[in-house]
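Structure at a glance
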Protein chains: 2
Amino acid sequence: MPISIAIVEDDADIAEGIADIISEVSDFKLICCCRNVRTALSEIPAAAPDVIIMDINLPDGSGIYATAKLKQLLPHTEVMIFTVYENTEDIFQALEAGASGYLLKRSSSAKIISSIRNLMKGEVPMTAEIARKVIQSFKKQQPAAQRGAASDKLTPREVDILQMLAKGYPTKEIASRRSISVDTVNTHLKSIYDKLRVHSRTEAVLKFLENN
Amino acid sequence: MPISIAIVEDDADIAEGIADIISEVSDFKLICCCRNVRTALSEIPAAAPDVIIMDINLPDGSGIYATAKLKQLLPHTEVMIFTVYENTEDIFQALEAGASGYLLKRSSSAKIISSIRNLMKGEVPMTAEIARKVIQSFKKQQPAAQRGAASDKLTPREVDILQMLAKGYPTKEIASRRSISVDTVNTHLKSIYDKLRVHSRTEAVLKFLENN
DNA sequence: CACGACATCACCAATTATGGTGATGATTTT
DNA sequence: AAAATCATCACCATAATTGGTGATGTCGTG
């Protein structure tokens, strides 16, 4: 009895890459390949795979939402989140939604194969980095209510720098205008990205503009 | 009679760099060094230098504005704009404001020295790149009224990509969502930056959000 | 048909941005 | 006094962005 697998991934290249990997393993069988949340919710329940490999950023919604919905219908199906970033918030949301594993897209094919096997054995596949983040987070004893909320508070300096980001200034300009080193600006940027849970200048600016 | 020079530049390192270069030329004399528009407008008229080396991005305003103001008071003083970008719009505005030269910050010290000398001889120091842009612009017979205006029209594809930029998607994501190569996205980005007259993703998004 | 506009892709160089780690001093809080 | 927070700086590696050039095929229009 082979392990049946479904893929939810909008990037054709990545989906194909996984499909190739799966096709080379004799007891793996790819039975469904969806490009968005809508198709996933309509096709996967009927397919009832053993494992779903789920992207988070889909064109029409979040893979986390899709995970929650699918787990209601298929409680025995294991969902492995497959994403590019190690966003702590995403990890928790995905785990809460019922995902059993969390893998980075840059993982090797061997890692992907072993993760699927581990999943079926009841283990939780996770990169060392993600495991560390999860442990760190539990150490901090963060109440669940605080996690997804309005995000951590920025310090005055961080707000100052974020405002300059929102004027389009590059890092050098910011350093110059505040007479601090580029390294310091970068340190602040890292804190800002962390607190806003984003991964780029543009995302930070957008989040800032949203919340005025 | 040495050539007296004033510097308006907020970046301490760059200002020092120019100061060093000037100090090594026997008939150059640095008589004033300002960090912002306010100081420049209050100190330079009294100093009445032969040449002003003017940055565009100052903490409290534009060097182009400062140029216009100073040229009213000191019509015989030559202003050389000193900036990092070869923004065509800036070039014209600066020339309209009365600047006589335009140099990139990455110019060599020899280039800077010869530019100052040329300025005093009535020539217009300009990098080949900038000269080319100016000539191109005149070739296009762009009426002055059109230049600073709403910017060139974006193609449908460019608008599409700009909208994704404004959602914070990185280049890879955009390529993936439209099933085109990252190179193509970059080509579109270059066109968008050109047409919007900006130099970064964040600036493009801001300009887009401004004009809805 | 020739021409221009558009979308696509490729290759390349240089600069910037992202992310991690660690460290210091000042200030505030406990 | 000890702990926590903040702002600062440094060094590093990798990834992403920026900017330039050139090339191809398609499409519509004159």
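To be clear, the structure that these remarks concern was listed above.
The present account deals with the structure reproduced in this document.

Conventions used here
Residues numbered from 1 in each chain as written. Chains lettered and ligands numbered in written order. Predicted model: local features only at pLDDT ≥ 70, side-chain atom pairs only at ≥ 80, totals over all residues. Heavy atoms only, no water. Disulfide = S-S within 2.5 Å. Least-squares fit on C-alpha atoms with pLDDT ≥ 70 in both. Near = heavy atom within 4 Å. Polar contact = N/O pair within 3.5 Å; in protein donor to acceptor, adjacent residues only side chain to side chain. Helix = DSSP H or I, 4+ residues; strand = E, 2+ residues; numbered from the N terminus. Nonpolar A, V, L, I, M, F, W, Y, C, P; charged D, E, K, R; others polar. Pairing = 2+ DSSP bridges. Axes fitted to C-alpha atoms, helices over the stretch in contact; angles between N-to-C directions. Salt bridge = Lys/Arg side-chain N within 4 Å of Asp/Glu carboxyl O. Buried < 20%, exposed > 50% of the residue type's maximum accessible area, 1.4 Å probe, protein only. Phe/Tyr/Trp six-rings, centres within 6.5 Å; stacked < 30°, edge-to-face > 60°. Lys NZ or Arg CZ within 6 Å of the ring centre and 35° of its normal. Contact = heavy atoms within 4.5 Å. Buried area = accessible area lost by both parts, 1.4 Å probe.

**Here we look at the state of the cysteines**
For the coordinates displayed, the defined rule picks out zero disulfides over all chains. In this structure Cys33(B) is a free cysteine whose sulfur lies 6.9 Å from that of Cys34(B), the closest cysteine sulfur available.

**Here's the deal with the relation of the copies chain A and chain B**
Superposing chain A onto chain B requires a rotation of 179° together with a translation of 0.6 Å along the rotation axis, leaving an RMSD of 0.5 Å. Within this description, the copies of the chain are treated as partners about a two-fold rotation axis. Every residue of chain A has its C-alpha some distance from the rotation axis, and the shortest such distance is that of Thr202(A), at 2.5 Å.

**Topic: the protein's contact with DNA strand C**
In the region of DNA strand C, 19 residues are neighbours, and Thr171(A), Lys190(A), Tyr193(A), Thr155(B) and Arg157(B) sit closest. The sugar-phosphate portion of DNA strand C accounts for 65% of its atoms within 4 Å of the protein, the bases making up the rest. Lys190(A) is positioned with one of its side-chain polar atoms (N or O) 2.5 Å from a base oxygen of DNA strand C. Backbone polar atom of Ser181(B) to a phosphate oxygen of DNA strand C: 2.7 Å apart, as the coordinates give it. Elements with a minimum of two residues in the surface near DNA strand C: helix H9 (171-178) and helix H10 (182-196) of chain A together with helix H8 (156-165) and helix H10 (182-196) of chain B. Among the elements that line the surface near DNA strand C, the one with the most residues is H10(B), at four residues. By residue class, the composition of the surface near DNA strand C is four nonpolar, nine polar and six charged.

**Overview of the protein's contact with DNA strand D**
In the vicinity of DNA strand D lie 18 residues, with Thr155(A), Arg157(A), Lys190(B), Tyr193(B) and Arg201(B) positioned nearest. Of everything in DNA strand D that lies within 4 Å of the protein, sugar and phosphate atoms constitute 65%. For DNA strand D, a phosphate oxygen lies 2.3 Å from a polar atom in the side chain of Tyr193(B). A distance of 2.5 Å separates a phosphate oxygen of DNA strand D from a polar backbone atom of Arg201(B). Per-element tally for the surface near DNA strand D: the top contributor is H10(A), with four residues. Residues of the surface near DNA strand D, tallied by class, amount to four nonpolar, nine polar and five charged.

**A word on the sheet that holds strand E1 (residues 3-8) of chain B**
Each strand in a sheet pairs with its neighbour through backbone hydrogen bonds, running either in the same direction (parallel) or in the opposite one (antiparallel). Residues and elements named next belong to chain B. Read from one edge to the other, the open sheet built from five strands follows the order E2-E1-E3-E6-E7, with strand pairing classed as parallel. The open sheet terminates on both sides in strands that have one partner only, identified here as strand E2 (28-34) and strand E7 (101-104). The mean inter-strand angle of the sheet, taken between neighbouring strand axes irrespective of direction, is 25°. Here E1 runs beside E2; their pairing, made up of six bridges, is parallel.

**Concerning the pattern of salt bridges**
Residue and element names in this part refer to chain B. Enumeration according to the criterion identifies ten salt bridges over all chains in this entry. Between Glu173 and Arg177 there is a salt bridge; the shortest N-O distance is 3.1 Å. Residue Glu173 and its partner Arg177 are located together in helix H9 (residues 171-178), separated by four residues, close to a single helical turn. Judged by relative accessible area, which is 16%, Glu173 ranks as buried.

**Notes on the packing of aromatic side chains**
Across all of its chains, the model carries zero aromatic pairs over all chains by this definition. Stacked on the ring of Tyr169(A), the Lys or Arg Arg177(A) has its end atom at 4.2 Å from the ring centre.

**What about the interface of chain A and chain B?**
By a frequent convention, interface size equals the accessible area lost on bringing the separate parts together. In this complex, chain A contributes 21 residues to the contact, which on the side of chain B involves 21 residues. A combined buried area of about 1500 Å² lies between chain A and chain B, and 50% of that area is made up of carbon and sulfur atoms. Where chain A packs against chain B, one counts zero salt bridges. Connecting chain A to chain B are three residue pairs in polar contact (both at pLDDT 80 or more). Where the side of chain A that touches chain B is concerned, the elements lending two or more residues are strand E4 (57-58), H9 and helix H11 (201-210) of chain A. Ranked by the residues each element gives to the side of chain A that touches chain B, the list is headed by H11(A), at six residues.

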